[in-house]
Amino acid sequence: MSRLLGNRPAFVLLPVLAVTYNAILAILGTFGIPLSFAIAALCEILILALTLVLVTNTGFRQSDKPFLLCMTAFVLLTVYLNLVNGTLLITSFRNFLIIFTFAMLGLRLSFVELNRIFIICTVIVLTFLIIEIADLSLYVIIFEPANYFAQTRGNEIAEFNEVGVFGNALSFESRFSYGLFDGPRTSSIFLEQVSLANFATMICLYLLAFNRAINKPQKFLMMLTVFLIVTSSNARTTSILTIVLFLGYFIFPLLPRFFNAFVAILVFCAALIVYMF
């Protein structure tokens, strides 16, 4: 186990659990263990709490200051909006808490630990993705995605969902498709296709940043995973991002550093153009 997780297993295990906890709960559900939204939320809270404990135990650093300031500001803003609207606005606060918490944890990881996390997650995702592509019925037996989301998120199982996958993973005739694989859009351990496509983007960003630090077999494994994710989930946005990041590997180093300040504006303008046309 020490060879797999390293000298600080908690630093590797918690990010892996953050990626896989829905799949683990879904497997438990197939054995008849009762599941609910509260249980899924409790698992997420425990992972976040343990991650904050790790961050706190290592001591706060100067590099944590921007995250702590942003987190404080967002907490105050959330409290203010809750008081004004008279309702609890939890979702956005939860999203920012995840970002800030794992960003601070990431600053405490060595490259070896970070790389180990990506390898473990990639292997797990690829393994169940291949199972899903090769034998969808076996994949559904393992996870029962439709039942899991019905129990933990309240998503009703549609009458036409005879397969048992997540409802939105079912393709319709006019939807964009590469046509390489039959069946619903793949989801792997994420149980729904959007998170799987986002994972492919994360792998691309990782390859972009650490291309020279990782060996060829790992590059091949990750590139194969991205290819299978994009073509089997028929992800439109990720398809575009993959091309942009590939070209960016050659173009980004040529751009001046201050160009970073305009990235958010350019992304907003691009999204506005896509929305208009």
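Everything numeric in this text was worked out from a predicted model, so none of it was measured. (Residues numbered from 1 in each chain as written. Predicted model: local features only at pLDDT ≥ 70, side-chain atom pairs only at ≥ 80, totals over all residues. Heavy atoms only, no water.)

In total, this model carries 13 aromatic pairs according to the counting rule given. Ring centres 4.7 Å apart and planes at 50° place the aromatic pair phenylalanine 149 and phenylalanine 166 in the tilted group. Taken together, the residues span a long stretch of sequence, with phenylalanine 149 in helix α8 (residues 145-152) and phenylalanine 166 in the loop between α8 and α9 (193-210) at a distance of 17 residues. Across the pair, exposure class does not vary: phenylalanine 149 and phenylalanine 166 are buried alike. The lysine or arginine in question, arginine 8, covers the ring of phenylalanine 11, its NZ or CZ lying 3.9 Å from the ring centre. (Phe/Tyr/Trp six-rings, centres within 6.5 Å; stacked < 30°, edge-to-face > 60°. Helix = DSSP H or I, 4+ residues; strand = E, 2+ residues; numbered from the N terminus. Buried < 20%, exposed > 50% of the residue type's maximum accessible area, 1.4 Å probe, protein only. Lys NZ or Arg CZ within 6 Å of the ring centre and 35° of its normal.)

Before going further, it helps to spend a moment on unusual backbone geometry. Unusually for a residue other than glycine, leucine 191 sits at a positive phi of about 70°. Secondary-structure assignment places leucine 191 in the loop between α8 and α9. Residue leucine 191 is classed as buried on the basis of its relative accessible area of 0%. For asparagine 234, which is not a glycine, the phi torsion comes out positive at approximately 50°. As for its placement among the helices and strands, asparagine 234 is situated in the loop between α10 (216-233) and α11 (236-251).

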